[in-house]
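Geometric and topological summary
Listed here are the chains, written in short residue letters.
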Amino acid sequence: MADPASKMNIFRLLGDLSHLLAIIILLLKIWKTRSCAGISGKSQILFAIVYTTRYLDLVTTFISAYNTIMKIVFIATSYGTLYLMYMKFKATYDHNHDTFRYFEVDVAFMIEFLIIPAIALSLLINHDFAVLEVLWTFSIYLESVAILPQLFLVSKTGEAESITSHYLFALGSYRALYLLNWIYRYYSEEHYDLIAIVAGVVQTVLYCDFFYLYITKVLKGKKLQLPA
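Counting restarts for each chain, with residues numbered from 1 along the sequence as it is written. Reporting of local features is limited, given that this is a predicted model, to residues whose pLDDT is at least 70; pairs of side-chain atoms are given and counted only at 80 or more, and all residues count toward the totals for whole chains, interfaces and linings. Heavy atoms throughout the structure, all of them, feed into the side-chain values; hydrogens and water do not.

Side note on the UniProt feature "transmembrane region" (unreviewed entry) in the protein
UniProt positions are given in the numbering used here, feature names are shortened, and annotations may be inferred rather than shown by experiment. If you check UniProt for "transmembrane region" (unreviewed entry), the listed places come out as residues 12-31, 69-86, 107-125, 131-154, 166-184 and 196-215 in our numbering. Comment: elements are numbered from the N terminus, with helices defined as DSSP H or I runs of at least four residues and strands as E runs of at least two. Taken end to end, residues 12-31 has its terminal C-alpha atoms 29 Å apart, with 100% of it in helix and 0% in strand. Structurally, residues 69-86 is divided into 100% helix and 0% strand, and its ends, taken at the C-alpha atoms, are 26 Å apart.

Overview of helix H3 (residues 65-88)
Between its terminal C-alpha atoms H3 stretches 32 Å, which fits the 34 Å expected from 24 residues at 1.5 Å a residue. Each residue is placed in one exposure class: buried if its accessible area under a 1.4 Å probe, protein chains only, is under 20% of its type's maximum, exposed if it is over 50%, and partly exposed if it falls in between. Every buried residue of H3 is listed here: Asn67, Thr68, Met70, Lys71, Phe74, Thr77, Ser78, Thr81, Leu82, Leu84 and Met85. Contacts between residues were defined by any pair of non-hydrogen atoms, one from each residue, lying within 4.5 Å. Buried residues in H3 make contact with helix H1 (10-33) and helix H2 (41-54). The length a helix should cover is 1.5 Å for every residue beyond the first.

Quick notes on the packing of aromatic side chains
Aromatic rings from Phe, Tyr and Trp, taking only the six-membered ring of Trp, are treated as a pair when their centres fall within 6.5 Å; an angle between ring planes under 30 degrees marks them as stacked, one over 60 as edge-to-face, and anything in between as tilted. One pass over the full model with this rule turns up 10 aromatic pairs. Consider the rings of Tyr51 and Tyr55, whose centres lie 6.3 Å apart with planes at 5°: the pair is stacked. Judged on exposure class, the residue Tyr51 and its partner Tyr55 are both buried. Linked through ring pairs, Phe47, Tyr51, Tyr55 and Phe74 together constitute an aromatic cluster. In this scheme, the term charge over a ring applies when either NZ of a lysine or CZ of an arginine sits within 6 Å of the ring centre and within 35 degrees of the ring normal. Over the ring of Trp31 we find Arg34, and its NZ or CZ is 4.6 Å from the ring centre. In this arrangement the basic side chain of Arg175 is found over the ring face of Tyr174, its NZ or CZ atom lying 4.6 Å from the centre.

Section: the packing of H2 against helix H5 (residues 131-145)
Relative to each other, H2 and H5 sit at 155°, their axes nearing to 8 Å. Compared by their axis directions, H2 and H5 come out roughly antiparallel. The chirality of how H2 crosses H5 is left-handed. Residues Leu46, Phe47, Ile49, Val50, Thr53 and Arg54 of H2 form the contact with H5, whose participating residues are Leu135, Trp136, Phe138, Ser139, Ile140, Leu142 and Glu143. Gly is placed with the polar residues, together with every amino acid not listed as nonpolar (Ala, Val, Leu, Ile, Met, Phe, Trp, Tyr, Cys and Pro) or charged (Asp, Glu, Lys and Arg). The residue makeup of the contact of H2 with H5, split by class, is 9 nonpolar, 2 polar and 2 charged. With axes taken as lines fitted to C-alpha atoms, and helix axes fitted only over the stretch in contact, angles between N-to-C directions fall between 0 and 180 degrees. Between 65 and 115 degrees an angle is taken as roughly perpendicular, under 35 as roughly parallel, over 145 as roughly antiparallel, and anywhere else as oblique. Helix crossings fall into two classes, left-handed where the near helix is turned counterclockwise from the far one by less than a right angle and right-handed where it is turned clockwise.

So, the pattern of salt bridges
Salt bridges are defined as contacts in which a side-chain nitrogen from Lys or Arg sits within 4 Å of a carboxyl oxygen from Asp or Glu. Scanning the entire structure with this criterion turns up 4 salt bridges. Salt-bridge contacts for Lys71 lead to Asp57; the nearest nitrogen and oxygen are separated by 2.9 Å. Placement of the pair is Lys71 in helix H3 and Asp57 in the loop between H2 and H3, with a sequence separation of 14 residues. According to the relative accessible area criterion, Asp57 is buried, its value standing at 9%. Residue Glu143 pairs with Arg175 through a salt bridge whose shortest N-O separation is 3.6 Å. Taken together, the residues Glu143 in helix H5 and Arg175 in helix H7 (residues 162-189) connect sequence positions 32 residues apart. Given the relative accessible area of 1%, Glu143 is considered buried.

Written out as structure tokens, the structure reads:
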């Protein structure tokens with residue numbers, strides 16, 4: 001699992017804060033506008049699965065108050081987001097565009113092409129064939145592709161509200177900062193986790209086009225538009 005002895009550094013702290021900021025932006029967007037428009041429910045389901053399977057060690061291991069609080073926050077907010085999207089503001093959820101591809105698909109497609117491969121990889125490539133370790137590894141693999149339904153939703157609609165763009169930028173920044181965290185740890189602690197690094201690189205690469213458009217358009221006050 002993630003090294004429990006890892007020390008806090010500026011890149012990890014900024015990454016955690018960026019991750020937390022992304023969640024706050026998302027929840028405020030939904031609550032203030034009373035709408036889930038532009039947000040992928042499929043991505044949010046995947047993130048809820050990621051946090052649940054990654055932080056099961058909450059009941060077995062105590063590392064620090066900071067670590068425990070952040071884990072609880074990520075789990076609680078992920079399910080809170082699902083409650084807002086699928087119950088409280090269900091009428092505003094865009095089912096028609098949140099299809100993950102350019103044709104109609106259902107949750108079975110998401111399971112077959114994202115969740116099952118992550119399960120298979122976690123069983124084949126892990127640090128230790130133990131239940132919590134395999135689940136942690138599964139969460140790492142799944143997180144690397146969990147944003148895909150959201151990016152496809154933005155691509156399919158052709159544009160994104162500024163607040164949604166800020167959410168995606170903060171979320172992508174979290175992964176990019178964690179790459180710097182791993183580089184820093186390699187040189188300062190001679191520690192590296194190849195599984196987490198490779199998955200993090202994949203996830204960061206998925207954001208590259210979005211980062212470019214965000215910097216060249218959104219920060220200049222223009223509406224973000226992606227090719228359909």
